[in-house]
Amino acid sequence: LTGVLDDCLCDIESIDDFNTFKIFPKIQKLQERDYFRYYKVNLKRPCPFWADDGHCSIKDCHVEPCPESKIPVGIKAGSSNKYSKAANNSKELEDCEQANKLGAVNSTLSNQSKEAFIDWARYDDSQDHFCELDDERSPDAQYVDLLLNPERYTGYKGPSAWRVWNSIYEENCFKPRSVYRPLNPLAPSRVYLSFSWTGLCLEKRVFYKLISGLHASINLHLCANYLLEETWGKPRWGPNVKEFTRRFDPIETKGEGPRRLKNLYFLYLIELRALSKVAPYFERSVVDLYTGNGHEDAESKALLLDIFRDTKSFHMHFDEKSMFAGDKKGAKSLKEEFRLHFKNISRIMDCVGCDKCRLWGKLQTQGLGTALKILFSEKEIQSLPENSPSKGFQLTRQEIVALINAFGR
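Residues numbered from 1 in each chain as written. Predicted model: local features only at pLDDT ≥ 70, side-chain atom pairs only at ≥ 80, totals over all residues. Heavy atoms only, no water.

**Overview of the overall build of the chain**
In step 1: Summing up its helical and strand segments, the chain has 14 helices and 6 strands in all.
In step 2: For the chain, the residues scored as buried account for 55% of the 409 residues in total.
In step 3: For the chain, the accessible surface area stands at approximately 18900 Å², while carbon and sulfur atoms represent 52% of it. (Helix = DSSP H or I, 4+ residues; strand = E, 2+ residues; numbered from the N terminus. Buried < 20%, exposed > 50% of the residue type's maximum accessible area, 1.4 Å probe, protein only. Areas by Shrake-Rupley, 256 points an atom, 1.4 Å probe, with all protein chains shown as cover.)

Structural data, given as structure tokens:
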């Protein structure tokens, strides 16, 4: 891929250089920190749109929850506990199933992080969301260690997976007329037309590109971390070039593949823009990435602020001011349509049959929803008080974790 992206003044080479040498190494470090590695998710919410018949039948595609005795005291108890500085203890790994099988979610939690969870909850506050948020108080919601549950190919495919993406594109996405649908590669009569944005305003083009970019990102991770073989019950993951070619090669996809990858760059720019815009929220002394370990918390915040400085130094940001800039009434209804479409997509993620795919789908959707919330809250962010909690704009810990990890993907 080379050249300038549509709807931007930015070229692909500049993004590659900026990401490879400045952003990616720091984001990787940040994702390994306690504050950012634990994500609370409810993987048992029923699919709101159709009978949930597509649940993954692959071995261990379900979650094996930790036994009651192993659930951190900080989650179970309503009282705040003194933070444990015990070193990371791997004995619990024996009690919970490890993530060495296909789709199983490893819900083991380290001792070091146990008692901080209850305190994180008090930083969380309800807002006008772009996403359907999980109820964190639900008995089905559980903390997952993202480092123990990497996004990779789990064997989840076929009609159930296609139905999720078809529903997203057909019913919840503004799309160019010529993009071939449905996505089911076994469907008869494949028809490709010349690509045209005719009739789609900037906002609707942006929405389509974000969803397409998210789809490309997920597919890239599946191709890069694919189950290559399983011998003696031990799986081996690695890059699957053939699968990558099938999904992205210009000839195999009739020119659609490179456009999908360009949409991934576009998604990157949107989330990068959101990070640069939300910097003032985190620069205030009143905001703390709280885990209970003062030294680590200070280091995490310093690293995050360093990343914000880098994002601001990038000189070819996407300009979101051109969005929703028409007459006030039309802009307001379009923004609401945007929000409701996106909220629906976040609900569709509860229809994903494989738990690990559902985990990463929900996290990345919430991350993008958080980015959109930031971009549409610029005035509120600029007028935040320095030394008191924000009233006009607030991010929950869940949103912060999702934003950073989605951008990290």
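**A look at the state of the cysteines**
In step 1: This structure, assessed with the given rule, holds 1 disulfide.
In step 2: For C47, the disulfide goes to C351, at an S-S distance of 2.0 Å. Taking the torsion about the sulfur-sulfur bond, which here is approximately 75°, the covalent link between C47 and C351 counts as right-handed. Placement of the pair is C47 in the loop between β1 (38–42) and β2 (63–64) and C351 in the loop between α11 (328–348) and α12 (355–375), with a sequence separation of 304 residues.
In step 3: A relative accessible area of 10% places C47 in the buried class. (Disulfide = S-S within 2.5 Å.)

**Concerning the UniProt feature "binding site: FAD" (unreviewed entry) in the chain**
In step 1: With numbering aligned to this structure, UniProt lists the feature "binding site: FAD" (unreviewed entry) at R152, T154, W165, S212, H215 and R247.
In step 2: Within the element layout of this structure, R152 appears in the loop between β4 (141–145) and α6 (159–172).
In step 3: Take R152: its relative accessible area is 10%, and that puts it in the buried class.
In step 4: Note that R247 resides in helix α8 (residues 241–248). (UniProt positions renumbered as here; feature names shortened; annotations may be inferred.)

**Some thoughts on the nonpolar core**
In step 1: By size, the foremost hydrophobic cluster in this structure holds 88 residues, and its most contacted members are V278 and F282.
In step 2: When residues of this core are assigned to their parent elements, the largest contribution, 13 residues, is made by helix α9 (residues 256–283).
In step 3: If sequence neighbours within four positions are ignored, F282 has contacts with V287, L289, K301, L304, L305, F308, L395 and I400. (Core = buried A, V, L, I, M, F, W, Y, C linked by side-chain atoms within 4.5 Å. Contact = heavy atoms within 4.5 Å.)

**Observations regarding the pattern of salt bridges**
In step 1: Tallying each qualifying case throughout the model produces 17 salt bridges.
In step 2: Taking the shortest distance from any N to any O, the salt bridge between D34 and R37 comes out at 3.9 Å. Of this pair, D34 and R37 both sit in helix α2 (residues 34–37), 3 residues apart, which is roughly one turn of the helix. We note that D34, like R37, is buried. (Salt bridge = Lys/Arg side-chain N within 4 Å of Asp/Glu carboxyl O.)

**As for the packing of helix α7 (residues 202–224) against α8**
In step 1: One way to put it is that α7 packs onto α8 with a least axis distance of 9 Å and a crossing angle of 160°. Between α7 and α8, the angle is such that the two are roughly antiparallel. Between α7 and α8 lies a crossing whose hand is right-handed. Between α7 and α8, the residues in contact are A216, N219, L220 and C223 and E243, F244, R247 and F248, respectively.
In step 2: Tallied by class, the residues present in the contact of α7 with α8 amount to 5 nonpolar, 1 polar and 2 charged. (Axes fitted to C-alpha atoms, helices over the stretch in contact; angles between N-to-C directions. Parallel < 35°, antiparallel > 145°, perpendicular 65-115°, else oblique. Left-handed = near helix turned anticlockwise from the far one by under 90°. Nonpolar A, V, L, I, M, F, W, Y, C, P; charged D, E, K, R; others polar.)

**Describing the packing of aromatic side chains**
In step 1: Counted under the stated rule, the structure contains 11 aromatic pairs.
In step 2: Ring plane angle 70° and centroid distance 5.1 Å describe the contact between Y35 and F36, whose orientation is recorded as edge-to-face.
In step 3: Consider the rings of W165 and Y169, whose centres lie 6.2 Å apart with planes at 35°: the pair is tilted. Taken as a pair, W165 and Y169 lie in helix α6 at a separation of 4 residues, close to a single helical turn.
In step 4: An aromatic cluster is present here, built from Y281, F282, F308 and F393 joined pairwise through their rings.
In step 5: Over the aromatic face of F393 sits the side chain of K373, whose NZ or CZ is 5.8 Å from the ring centroid. (Phe/Tyr/Trp six-rings, centres within 6.5 Å; stacked < 30°, edge-to-face > 60°. Lys NZ or Arg CZ within 6 Å of the ring centre and 35° of its normal.)

**Things to note about α7**
In step 1: Taking 1.5 Å per residue as the helical rise, α7 with its 23 residues ought to reach 33 Å, and the 32 Å between its terminal C-alpha atoms agrees with that figure.
In step 2: Within α7, 20 of the 23 residues are buried, leaving the element largely enclosed by the surrounding structure. (Expected span 1.5 Å × (residues − 1).)

**Looking at the UniProt feature "active site" (unreviewed entry) in the chain**
In step 1: In this numbering, the UniProt entry assigns the feature "active site" (unreviewed entry) to C354 and C357.
In step 2: Here C354 lies in the loop between α11 and α12.
In step 3: Residue C354 is classed as buried on the basis of its relative accessible area, which comes to 0%.
In step 4: By the element assignment, C357 lies in helix α12.
In step 5: Relative accessible area serves as the criterion here: at 22%, C357 is assigned to the partly exposed category.
In step 6: Those residues in contact with C357 that sit more than four places away from it in its chain are T154, Y156 and V352.

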